[in-house]
Amino acid sequence: MSRRCELTGKGPMTGNNVSHANNKTKRRFLPNLNDVTLQSETLGRGVKLRISAAALRSVDHRGGLDAFLAKAKDEELSTNALKVKKEIAKAQAVEA
């Protein structure tokens, strides 16, 4: 399981631990990932995703999973999220 957000593509970054004596050693900054189940109004079911805390706030800000995925770029999404996005688009096309 990769340490990458399924919605934003945010992954580990590298940097330095800097001691009081200014010695530098390599370290990794890992994203704050959480396993969440987000509800899709269009599909009428929950979708399990592994997303960062920042992405969770963005989903709430945009008005839910359906609205977030509608605006999201396909390159940033995981294969699982891309599959859900296409399901939602197909369900919305049938409704209209």
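Residues numbered from 1 in each chain as written. Predicted model: local features only at pLDDT ≥ 70, side-chain atom pairs only at ≥ 80, totals over all residues. Heavy atoms only, no water.

Per an unreviewed UniProt entry, the protein goes by Large ribosomal subunit protein bL28 and derives from Tritonibacter aquimaris. The Sequence similarities (unreviewed entry) field of the UniProt record for the protein holds the comment "Belongs to the bacterial ribosomal protein bL28 family." (UniProt positions renumbered as here; feature names shortened; annotations may be inferred.)

Q: Where do I start with the pattern of salt bridges in this structure?
A: Pairing between side chains of opposite charge can happen when their charged atoms approach one another. For the structure shown, the criterion picks out 3 salt bridges. For Arg 50, the salt bridge identified is with Asp 35, shortest N-O distance 3.7 Å. With Arg 50 in strand β4 (residues 45-52) and Asp 35 in strand β3 (residues 33-40), this residue pair connects regions lying 15 residues apart in the sequence. Residues Asp 74 and Lys 85 are paired through a salt bridge, measuring 2.8 Å at the closest nitrogen-oxygen approach. In this pair, Asp 74 sits in the loop between α2 (65-71) and α3 (79-95) while Lys 85 sits in helix α3, placing the two residues 11 residues apart along the sequence. Classification of Lys 85 by relative accessible area gives buried; the value is 18%. (Salt bridge = Lys/Arg side-chain N within 4 Å of Asp/Glu carboxyl O. Helix = DSSP H or I, 4+ residues; strand = E, 2+ residues; numbered from the N terminus. Buried < 20%, exposed > 50% of the residue type's maximum accessible area, 1.4 Å probe, protein only.)

Q: Explanation requested: unusual backbone geometry in the structure shown.
A: The general pattern is negative phi for most residues beyond glycine and trans for most peptide bonds. Despite not being glycine, Asn 22 shows a phi value in the positive range, around 65°. If you trace the backbone, Asn 22 turns up in the loop between β1 (13-18) and β2 (24-29). Using a relative accessible area of 47% as the deciding quantity, one classes Asn 22 as partly exposed.

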